[in-house]
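Residue strings, one per chain:
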Amino acid sequence: MRVMVIGGTSGIGLGLARHYWEQGARVAVCGRHPEKLDGVAFARDSRVSVHACDIADRAAVARLVAQFAGDACDACDVGEGLDLLIVTAGQYTDAAAIARDRSSALPVLRVNVGGLEHAFSAAADAMMAREQGQLVAVASIAGLQDDYPNGSLYSASKRAAIAICDAYRKALAPFGIAVTVVVPGYVDTARLRELNHGDASGKPYLMPEQEAVQRIAAAIAGRDARCVFPWQMHALVRLFNLLPAFLKRMRKK
Ligand SMILES: NC(=O)c1ccc[n+]([C@@H]2O[C@H](COP(=O)([O-])OP(=O)(O)OC[C@H]3O[C@@H](n4cnc5c(N)ncnc54)[C@H](OP(=O)(O)O)[C@@H]3O)[C@@H](O)[C@H]2O)c1
């Protein structure tokens, strides 16, 4: 199996990259800062390649995907092509940050929306010829929430990511290509802790990173269309969406 993870240098993406490496896959790990993997043992294995790539750069993504798909790996018996593309690259900003610095909005859209399209488009090119493969994007449960007081642009971008996955799923189904959108609640990654002053334990239904990786891997194996977790967060979001607007506005940031 040949797997590419864009956004694989830390957090959920790194966990998924390690998971597929443990399964015997040839894995390409991509991110803007490959040096983050300097101390990570599995990243030095001959079945793993590490690439500096900004997903917002359409040409660079297309080059990288085509190169990986066409590159036979001498050290592994997995042939050529691309079987699985996972996009976990994501940028976060909250509504207040946009008010302070309006340039902070652009990276969120360029990465979470534009970058996702760059990656899916390039991978679809590689997969359609062989009429097999799977595209996966990690969105967020914030994208299912109608009115998210603390992260409006982020949640809008993740809503767009979910919709982009739905559109690609329809388009690529005739070519035997599955599209899975992962819609997680809070996952206890270093990035989430950083956004919460070093401790994310107060977040509702916080899921350990490894458990999230296992859930995502199971959904990928099942070629599920959508993987939403944890169920408690999903239930809360669905309930919240049913509330009248004046009650939604009372929700604390
Ligand atoms: N943790 C949560 O609670 C949670 C909940 C819901 C959804 N999510 C989503 O899950 C994904 C992973 O989150 P995480 O918590 O694991 O955070 P993370 O560790 O910051 O992972 C983000 C990854 O994306 C890469 N990245 C960011 N911008 C990029 C760009 N322009 N081009 C290429 N790679 C880029 C980062 O690597 P470089 O620094 O090397 O570029 C990193 O490897 C994100 O999309 C996030 O929105 C997270």
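Remember, it's a predicted structure, so these values are computed and weren't measured experimentally.

Further remarks concern the packing of helix 2 (residues 58-70) against helix 4 (residues 105-128). Where helix 2 meets helix 4, the closest approach of the two axes is 9 Å, and the angle between their N-to-C directions is 30°. Between helix 2 and helix 4, the crossing angle belongs to the class labelled roughly parallel. Considering the relative orientation of helix 2 and helix 4, their crossing is right-handed. Across from Arg-58, Val-61, Ala-62, Val-65, Ala-66 and Ala-69 in helix 2, the residues of helix 4 making contact are His-118, Ala-119, Ala-122, Ala-123 and Ala-126.

Moving on, we come to the site of the ligand. By nearness alone, 30 residues border the ligand, and Gly-7, Gly-11, Gly-31, Arg-32 and Gly-90 come closest of all. When residues of the shell around the ligand are traced back to their parent elements, those giving at least two are helix 1 (11-22), helix 4 and helix 6 (190-195). For the shell around the ligand, the leading source of residues is helix 1, giving three residues. For the shell around the ligand, the class distribution of residues is twelve nonpolar, 14 polar and four charged.

Moving on to the sheet that holds strand 3 (residues 48-52). Strand order in this open sheet of seven strands is 3-2-1-4-5-6-9, and the pairing throughout is parallel. Among the strands making up the open sheet, the edge pair consists of strand 3 and strand 9 (226-229). With strand direction ignored, the average angle separating the axes of adjacent strands in the sheet is 15°. Direction of pairing for strand 1 (residues 2-6) relative to strand 2 (residues 26-31): parallel, over a ladder of five bridges. Paired with Val-5 across the bridge in strand 2 is Val-29. In the packing of helix 7 (residues 209-221) onto the sheet, contacts are made with strand 4 (84-87), strand 5 (133-138), strand 6 (177-184) and strand 9, and the angle to strand 6 comes to roughly 155°.

Here is what the cut-offs are and how they apply
- Residues numbered from 1 in each chain as written.
- Predicted model: local features only at pLDDT ≥ 70, side-chain atom pairs only at ≥ 80, totals over all residues.
- Axes fitted to C-alpha atoms, helices over the stretch in contact; angles between N-to-C directions.
- Helix = DSSP H or I, 4+ residues; strand = E, 2+ residues; numbered from the N terminus.
- Parallel < 35°, antiparallel > 145°, perpendicular 65-115°, else oblique.
- Left-handed = near helix turned anticlockwise from the far one by under 90°.
- Contact = placed C-beta atoms within 7 Å.
- Near = placed C-beta within 6 Å.
- Nonpolar A, V, L, I, M, F, W, Y, C, P; charged D, E, K, R; others polar.
- Pairing = 2+ DSSP bridges.

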